[in-house]
Amino acid sequence: MGTIRIIVAGPRGRMGNEAVKLVQETESFELVAVIDRKHDGDNLGNLDGFQGIDAPIYSDIENCFSSVKADVLIDLTTPEVGMLHTVSALNHGIRPVVGTTGFSSEDLAKLEDLTTEKGLGCIIAPNFAVGAVLMMKFSQMAAKYFSDVEIIEMHHDRKLDAPSGTGVKTAEMIKAVREPKVQGHPEEKETMQGARGANIDGMRIHSVRLPGLIAHQQVMFGEKGQMLTIRHDSFDRVSFMSGVKLAVDSVMKLDVLVYGLENIIE
Ligand SMILES: NC(=O)C1=CN([C@@H]2O[C@H](COP(=O)(O)OP(=O)(O)OC[C@H]3O[C@@H](n4cnc5c(N)ncnc54)[C@H](OP(=O)(O)O)[C@@H]3O)[C@@H](O)[C@H]2O)C=CC1
Ligand SMILES: O=C(O)C1=N[C@H](C(=O)O)C[C@H](O)C1
């Protein structure tokens, strides 16, 4: 396969910044443009921290996708614009690799239909870190033996969405293999709203937000007389980059939507 031409959306963000570095450092990747709501018409290389990079900045996605020849969009923005970017990329024949979290199940269904209609690959990955993908897979395995589970996801306090995409995906993977179960006491009552966390199929997800954290999750399984905890920690956003690279390479060979890197990492 030749060079993969890439557009990064959200290049000034915490993840977008790392993704720009990854594209620059990867011989088979070429950064052809970035999408940024600021600095329209400028060049990324003129912004602080991006010296030596040559990539035009577009604020208007339609203008970007129709002016620049690209194979893949890497989106690391917010759910609202991420969804618009993903739909528009597919309509322009560009394969999306989406790390942005917070998409609804309706969004995912819409994207699944659109990818199939266009015959283009699209990867939506709530977590690109290989260790986090393994944590989710191991949790799914454990759920066959332990039916009571609580998920605690812990992130930095600049995160917009709660629960995290990883927390939701973990619960969905567990839901796929366990009998539905309402956990806790059947008559339990929250005397303070939110005390028991979010409820997915009777499972509870608790979201911690603190400065100093990056991205951490522990999945706790309880059973009579024993407990199993499966935990993953990202201490640096570089932890996500091998997964981004894998997703970009993989999306070029796909013609359907893949939701979750566990479907790529066998
Ligand atoms: N899949 C994974 O492995 C991971 C996913 N994530 C997800 O990636 C996303 C980005 O996270 P992170 O980098 O920490 O967030 P940041 O807030 O650091 O970056 C978000 C970027 O999106 C831009 N943006 C925000 N609103 C708009 C808009 N309306 N139009 C265009 N651009 C916009 C921001 O620009 P501005 O500065 O102007 O606001 C910023 O550059 C989140 O959804 C997060 O959950 C994060 C880590 C790992
Ligand atoms: O916003 C973040 O930082 C992260 N978001 C993703 C999520 O919502 O799960 C992935 C990772 O946890 C970091």
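Residues numbered from 1 in each chain as written. Chains lettered and ligands numbered in written order. Predicted model: local features only at pLDDT ≥ 70, side-chain atom pairs only at ≥ 80, totals over all residues. Heavy atoms only, no water.

Student: An account of the pattern of salt bridges is requested, with residue identities and associated values reported.
Tutor: Under the counting rule described, the total for this entry stands at 13 salt bridges. Among the ionic pairs, glutamate 153 bridges to arginine 209, the shortest N-O distance being 2.7 Å. Within this pair, whereas glutamate 153 is found in strand E7 (residues 148-155), its partner arginine 209 is found in strand E9 (residues 203-209), the two being separated by 56 residues in sequence. Using a relative accessible area of 23% as the deciding quantity, one classes arginine 209 as partly exposed. With its nearest N and O atoms 3.0 Å apart, the salt bridge here joins arginine 196 to glutamate 188. We classify arginine 196 as buried; its relative accessible area is 19%. (Salt bridge = Lys/Arg side-chain N within 4 Å of Asp/Glu carboxyl O. Helix = DSSP H or I, 4+ residues; strand = E, 2+ residues; numbered from the N terminus. Buried < 20%, exposed > 50% of the residue type's maximum accessible area, 1.4 Å probe, protein only.)

Student: Describe the site of ligand 2, listing the residues and the values that go with them.
Tutor: The local shell around ligand 2 consists of Thr101, Pro126, Asn127, His155, His156, Lys159, Asp161, Ser164, Gly165, Thr166, Ala215 and Phe240. A distance of 2.8 Å is found between an oxygen atom of ligand 2 and a backbone nitrogen or oxygen belonging to glycine 165. At 2.4 Å, a side-chain N or O of threonine 166 approaches an oxygen atom of ligand 2. Protein coverage of the free-state accessible area of ligand 2, which is 320 Å², stands at 85%. Partitioned by chemical class, the residues of the shell around ligand 2 number 3 nonpolar, 7 polar and 2 charged. (Near = heavy atom within 4 Å. Polar contact = N/O pair within 3.5 Å; in protein donor to acceptor, adjacent residues only side chain to side chain. Areas by Shrake-Rupley, 256 points an atom, 1.4 Å probe, with all protein chains shown as cover. Nonpolar A, V, L, I, M, F, W, Y, C, P; charged D, E, K, R; others polar.)

Student: Got a sec to walk through the sheet that holds strand E5 (residues 95-98)? Specific residues and values, please.
Tutor: One open sheet accounts for 7 strands, arranged E3-E2-E1-E4-E5-E6-E12; its pairing is parallel. Looking along the sheet, the strands with just one partner apiece sit at the ends: strand E3 (57-58) and strand E12 (257-259). As paired elements, strand E1 (residues 4-9) and strand E2 (residues 29-35) share 6 bridges and run parallel to each other. Residue isoleucine 4 lies in a different strand from E2, and its bridge partner there is phenylalanine 29. In the packing of helix H3 (residues 79-91) onto the sheet, the strands contacted are E1, E2, strand E4 (72-75), E5 and strand E6 (122-124), and the crossing angle to E4 comes to about 175°. (Pairing = 2+ DSSP bridges. Contact = heavy atoms within 4.5 Å. Axes fitted to C-alpha atoms, helices over the stretch in contact; angles between N-to-C directions.)

Student: Break down helix H1 (residues 14-25) for me, citing the residues and quoting the values.
Tutor: Helix length check: H1 (12 residues) gives 17 Å between terminal C-alpha atoms against 16 Å at 1.5 Å per residue, within 8%. Of all the positions in H1, only Met15, Gly16, Glu18, Ala19, Val20, Leu22 and Val23 are classed as buried. Taken together, the buried residues of H1 touch E1, E2, E4 and helix H7 (241-251). (Expected span 1.5 Å × (residues − 1).)

Student: I'd like a description of the domain arrangement of the chain, backed by residues and values.
Tutor: Each assigned domain of the chain is listed here: domain 1 (4-124 + 238-263) and domain 2 (130-235). On a C-alpha basis, the centres of domain 1 and domain 2 stand 28 Å from each other. Contact with domain 1, which involves 11 residues of that partner, is made by 14 residues of domain 2. When domain 1 packs against domain 2, close to 990 Å² is buried across both sides, 58% of that on carbon and sulfur atoms. Glutamate 262 is paired through a salt bridge with lysine 169; the nearest N and O atoms lie 2.8 Å apart. On inspection of domain 1 and its partner domain 2, the count reaches 6 residue pairs in polar contact (both at pLDDT 80 or more). Of the residues contributing to the side of domain 1 that touches domain 2, the split by class is 3 nonpolar, 6 polar and 2 charged. (Domains from an automatic or database assignment. Buried area = accessible area lost by both parts, 1.4 Å probe.)

Student: Describe the UniProt feature "binding site: NADP(+)" (unreviewed entry) in the chain, naming the residues involved and giving the relevant values.
Tutor: UniProt feature "binding site: NADP(+)" (unreviewed entry): in the numbering of this structure it lies at Lys38. Note that lysine 38 resides in the loop between E2 and E3. Since its relative accessible area comes to 44%, lysine 38 is described here as partly exposed. (UniProt positions renumbered as here; feature names shortened; annotations may be inferred.)

Student: Mind laying out the sheet that holds strand E8 (residues 198-200), listing which residues take part and the relevant values?
Tutor: Pairing is mixed in the open sheet, where 5 strands are placed in the order E8-E9-E7-E10-E11. Only two strands of the sheet have a single partner each, and these edge strands are E8 and strand E11 (226-234). Here the average twist between neighbouring strands, direction ignored, is 20°. Bridge count between E8 and E9: 3 bridges; the pairing is antiparallel. Bridged to alanine 198 within E9 is isoleucine 205. Contacts between helix H5 (residues 130-143) and the sheet are confined to strand E10 (215-223) and E11, with E11 contributing the most and set at about 165° to the helix.

Student: Give a description of the packing of H1 against H7 that names residues and reports values.
Tutor: Their axes nearest at 10 Å, the elements H1 and H7 cross at an angle of 65°. Note that H1 runs across H7; the crossing there is right-handed. Together, Met15, Glu18, Ala19 and Leu22 of H1 and Met241, Val244 and Lys245 of H7 make up the contact between the two elements. Looking at the contact of H1 with H7 residue by residue, the classes come out as 5 nonpolar, no polar and 2 charged. (Left-handed = near helix turned anticlockwise from the far one by under 90°.)

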